[in-house]
Amino acid sequence: MAWNFETDPQFQQELDWIDEFVREEVEPLDFIIKTPYDLNDPVRNELIKPLQKLVQQRKLWACHLGPELGGPGYGQVKLALMNEILGRAKCASTIFGTQAPDTGNSEILAHFGTPEQKEKYLEPLLRNEIVSCYSMTEPQGGADPKVFRTRAELDGDEWVINGEKWFSSNARYASFLIAMVVTDPDGSPYHQQSMFLVPRDTPGLEIIRNIGLGTESEAEDRGSHGYVRYDNVRVPQKNLLGPCGGGFVVAQTRLGGGRIHHAMRTSGRVQRIFDMMCERALSRTTQGELLSQKQMVQEMIADS
Ligand SMILES: Cc1cc2nc3c(=O)[nH]c(=O)nc-3n(C[C@H](O)[C@H](O)[C@H](O)COP(=O)(O)OP(=O)(O)OC[C@H]3O[C@@H](n4cnc5c(N)ncnc54)[C@H](O)[C@@H]3O)c2cc1C
């Protein structure tokens, strides 16, 4: 059975606008901006903020949100098609207000947050005045949250968190982390954990190092995936996000759409790399002819 991923003509017009905007205005920024998550970088702010305004005027800002949060409420197919284009450029998601992990974090704050949590964390996050981190994965348990060990225990009216998290992306730039932590080690695997809002400057919260992936060099301290230690980190009870023991359900709420958007951005990224390969083959001459004339190059492109 074949699936039809075509969209309605009106939304296709928006996709065409996004495609041209990303190619012309956003892709060049990837050569200049170190990371779109560093809100203290003046170059980043000078270049990104005007483009964010254009996207807002076009009503394409934070499209992952439902109408109750000011978003258009697009379904997953439209969001997937949009994210495929945004994947072409590193800065594109930030310019469209859909950068991970802030998207998923804003979704769970919207679903489960108290009015106070929404005011303090969600509203500035949606305006990209702050960035956030999602701190779930542990060194010994990545795809298997049933073996997480980071623990929170109630002491008076505060939760005390101890443990280590791995791959906490953007912890170094974040104003707050959402940590998934064991609150009931004896409970059933799906009710053992809870989510906590942890301000970045809470005493005891330490980034051991920033792991670099792909082109991020740890030697130049360009890594963005935090290896984080929680050493007697104290947060008030009101920092519990969602029900106590409800961490698994809260996590699924953010990961559901996020998985698809992430995959579509990767698909867009790969398409861009393929386009670059073809451009190179058509522009570089060696041994008296274009690369595109070489049989092996043709074969590599065909294989790709
Ligand atoms: C770029 C990047 C950013 C990330 N950002 C964050 C973040 O911000 N916050 C955060 O908490 N985590 C983050 N992660 C971590 C991510 O959630 C984990 O990498 C993921 O959960 C997989 O865990 P793992 O890498 O330990 O792989 P493992 O759990 O060791 O799995 C290794 C491989 O085993 C196979 N496998 C595992 N389970 C099964 C199964 N049930 N059935 C069949 N095969 C299986 C799969 O091929 C899998 O890829 C990030 C990861 C990356 C790569």
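Owing to the predicted nature of the structure, the values given are computational and were not obtained by experimental measurement.

About the cut-offs
Residues numbered from 1 in each chain as written. Predicted model: local features only at pLDDT ≥ 70, side-chain atom pairs only at ≥ 80, totals over all residues. Heavy atoms only, no water. Helix = DSSP H or I, 4+ residues; strand = E, 2+ residues; numbered from the N terminus. Rg over C-alpha atoms; globule rule 2.2 N^0.38 Å. Buried < 20%, exposed > 50% of the residue type's maximum accessible area, 1.4 Å probe, protein only. Contact = heavy atoms within 4.5 Å. Areas by Shrake-Rupley, 256 points an atom, 1.4 Å probe, with all protein chains shown as cover. Lys, Arg positive; Asp, Glu negative; His and termini not counted. Charge placed at Lys NZ, Arg CZ, Asp CG, Glu CD. Axes fitted to C-alpha atoms, helices over the stretch in contact; angles between N-to-C directions. Left-handed = near helix turned anticlockwise from the far one by under 90°. Pairing = 2+ DSSP bridges.

J.: How should I be thinking about the overall build of the protein in this particular structure?
T.: For the protein, the count of helices and strands is eight helices and 10 strands. In terms of C-alpha radius of gyration, the protein reaches 21 Å, essentially the compact-globule figure of 19 Å for 304 residues. The principal-axis extent of the C-alpha atoms belonging to the protein is close to 75 × 50 × 45 Å. By residue count, 46% of the 304 residues in the protein fall in the buried class. Of the contacts made within the protein by residues no fewer than 6 positions apart, 68% connect residues no fewer than 24 positions apart. Total accessible area on the protein stands at roughly 16000 Å², and carbon and sulfur atoms take up 52% of it. Placing the 32 positive and 42 negative side-chain charges of the protein at their respective mean positions leaves the two points 2 Å apart.

J.: Please clarify how the packing of helix H3 (residues 76–86) against helix H7 (residues 247–283) should be interpreted in this entry.
T.: A pair of packed helices is characterised by two quantities: the angle between their axes and the separation of those axes. At a minimum axis distance of 7 Å, the contact between H3 and H7 shows a crossing angle of 35 degrees. Between H3 and H7 lies a crossing of right-handed hand. Here Gln76, Leu79, Ala80, Asn83 and Glu84 of H3 come into contact with H7, specifically with Gly257, Ile260, His261, Met264, Arg265, Ser267 and Gly268.

J.: Help me out: how do you make sense of the pairing of strand E4 (residues 176–182) in this one?
T.: The side chains of a regular strand alternate, residue by residue, between the two faces of the sheet. With respect to burial, E4 is a largely interior element, seven of its seven residues being buried. Taking every second residue as pointing to the same face, both faces of E4 are buried, with Phe176, Ile178, Met180 and Val182 on one and Leu177, Ala179 and Val181 on the other. Where strand E1 (residues 132–135) meets E4, four bridges bridge the pair, whose relative direction is parallel. Bridge assignment links Ser132 to a residue of E4, and that residue is Phe176. The sheet contact formed by E4 and strand E5 (residues 193–199) spans seven bridges and is antiparallel. By the bridge assignment, Val181 is partnered in E5 with Ser194.

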